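Close look at the chain arrangement
Next come the chains, spelled out residue by residue.
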Amino acid sequence: GAGVSQSPRYKVAKRGQDVALRCDPISGHVSLFWYQQALGQGPEFLTYFQNEAQLDKSGLPSDRFFAERPEGSVSTLKIQRTQQEDSAVYLCASSWNWVASGVNTGELFFGEGSRLTVL
Amino acid sequence: GQQVMQIPQYQHVQEGEDFTTYCNSSTTLSNIQWYKQRPGGHPVFLIQLVKSGEVKKQKRLTFQFGEAKKNSSLHITATQTTDVGTYFCAGYDMRFGAGTRLTVKP
């Protein structure tokens, strides 16, 4: 596709359910980021992939959160045993270059996000 | 990481007034990016600054990178209702600041 695609756009889960959120980045983009954005807040970094390698997962709030990108393209963010505080918009973004200890020269292209509501 | 802080958190202006938001870091930033998020939308890239003292303009928007590369600013001249949204900055590690939310009264 022409842009970053995320699905589902909306997800309502009962507390304790597991959810999986999918991100289909722009074709050929090396870098992929996941963010959590609560209402009225900025995007909070969750994790970063360079191709299939998860180089930084320091932002994942607990071991209930897990992300993968097995073939270096589509990524899935999984949340186990959802809690009410997990309610947020989950944003995925991709970039053509990779982030290293230096200058990141690639702009991020964001998807529309997946809005998760945990009841 | 390259933690960035933004001020002010909110800014309400009359249409036609100028607006400035600031992005500050306690450490030297290798580069900085600015994004705009419209209400209900997703962040959209505006610009990247790399060089010390760099100034870039996009129509009514002026972006500056401090000489010490520890701060940056975004200035909008003569705001319009289309400028409404939240403006975020991020360092090279793509950790975003909390943003400045701009509202414009027609």
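In the block above lies the structure referred to throughout.
Before going into details, it helps to say that this report is about the structure given with it. Throughout this description, residue numbers start from 1 for each chain and increase along the sequence as written. As they are written, the chains are lettered A onward and the ligands numbered 1 onward, keeping that order. Where local features are concerned, this predicted model is filtered to residues with pLDDT of at least 70; where side-chain atom pairs are given and counted, the filter is 80 or more; whole-chain, interface and lining totals use all residues. The side-chain quantities take in all heavy atoms of the structure and omit both hydrogens and water.

**Examining the overall build of chain A**
The helix and strand labels rest on DSSP assignments: H or I over at least four residues marks a helix, E over at least two residues marks a strand, and numbering proceeds from the N terminus. Assigned secondary structure in chain A consists of 0 helices and 11 strands. Counting from the amino terminus, helix and strand elements in chain A follow one another as β-β-β-β-β-β-β-β-β-β-β. Both definitions apply: the radius of gyration is a C-alpha atom measure, and the globule rule equals 2.2 Å times residues to the power 0.38. A compact globule built from 119 residues would reach a C-alpha radius of gyration of about 14 Å, and chain A, at 14 Å, matches this within 12%. Scored against the burial criterion, the 119 residues of chain A give a buried share of 47%. Here the term buried applies to any residue with accessible area under 20% of the maximum for its type, exposed to any over 50%, and partly exposed to those in between, with areas from a 1.4 Å probe on protein chains only.

**Examining the state of the cysteines**
In plain terms, two cysteine sulfur atoms within 2.5 Å form what is called a disulfide here. Tallying each qualifying case throughout the model produces 2 disulfides over all chains. The disulfide partner of A:Cys23 is A:Cys92, and the gap between their sulfur atoms is 1.8 Å. Every disulfide takes its handedness from the sign of the S-S torsion; for A:Cys23 and A:Cys92 that torsion is -65 degrees, giving left-handed. Taken together, the residues span a long stretch of sequence, with A:Cys23 in strand 3 (residues 19-24) and A:Cys92 in strand 9 (residues 88-95) at a distance of 69 residues. On the basis of relative accessible area, A:Cys23 is assigned to the buried category, the value being 0%. For A:Cys92, a relative accessible area of 0% corresponds to the buried category. B:Cys23 shares a disulfide with B:Cys89; S-S distance 2.0 Å.

**So, the pattern of salt bridges**
Salt-bridge detection follows one rule: a side-chain nitrogen of Lys or Arg within 4 Å of a carboxyl oxygen of Asp or Glu. What the rule picks out here adds up to 6 salt bridges over all chains. Among the ionic pairs, A:Arg64 bridges to A:Asp86, the shortest N-O distance being 2.8 Å. Of this pair, A:Arg64 sits in the loop between strand 6 (53-56) and strand 7 (65-68) while A:Asp86 sits in the loop between strand 8 (75-79) and strand 9; the two residues are 22 residues apart in sequence, bridging distant segments of the chain. A:Asp86 matches A:Arg64 in its accessibility class, with the two residues each being buried. B:Lys56 serves as the salt-bridge partner of B:Glu54, at 3.7 Å between the closest nitrogen and oxygen.

**So, the side chain of A:Ser94**
Residue and element names in this part refer to chain A. Take Ser94: it is sitting in strand 9. Polar side-chain contacts of Ser94 include one of 2.7 Å to the side chain of His29. Beyond its immediate chain neighbours, meaning those up to four positions away, Ser94 contacts Val4, Pro25, Ile26, His29, Ser31, Leu32, Glu107, Leu108 and Phe109. As used in this structure description, the phrase polar contact means that two N or O atoms lie within 3.5 Å; if the pair is within protein, one of them must be able to donate a hydrogen and the other to accept it, and residues adjacent in sequence are counted only when both atoms belong to side chains. When checking whether two residues touch, look at their non-hydrogen atoms; a contact exists if any pair is within 4.5 Å.

**A word on the interface of chain A and chain B**
It is common to report an interface's size as the accessible area lost on association of the parts. At the interface, 23 residues of chain A touch 18 residues of chain B. Each of two parts loses accessible area, computed with a 1.4 Å probe, when they are put together; buried area is these two losses added. Interface area for chain A against chain B, summed over the two sides, is near 1600 Å², with a carbon-plus-sulfur share of 54%. Summed over the shared surface of chain A and chain B, the number is 1 salt bridge. Its salt-bridge partner being A:Asp56, residue B:Arg95 comes within 3.1 Å of it at the nearest N-O pair. On the surface where chain A and chain B come into contact, there are 7 residue pairs in polar contact (both at pLDDT 80 or more). Among the elements that line the side of chain A that touches chain B, the one with the most residues is strand 4 (residues 31-37) of chain A, at 3 residues.

**Quick look at the sheet that holds strand 7 of chain A**
Residue and element names in this part refer to chain A. Overall, antiparallel pairing links the 4 strands, which are arranged 1-3-8-7 in an open sheet. Because the sheet does not close on itself, it has two edges, and the strands there are strand 1 (5-7) and strand 7. Within this sheet the neighbouring strands show an average axis-to-axis angle of 15 degrees, counted without direction. The pairing criterion is simple: DSSP has to find at least two bridges between the two strands. Examined bridge by bridge, strand 3 and strand 8 share 5 bridges and lie antiparallel to one another. When the bridges of strand 8 are listed, Leu21 appears paired with Leu77. Here the axes come from fitting lines to C-alpha atoms, over the contacting stretch only for helices, and the angles between their N-to-C directions go from 0 to 180 degrees.

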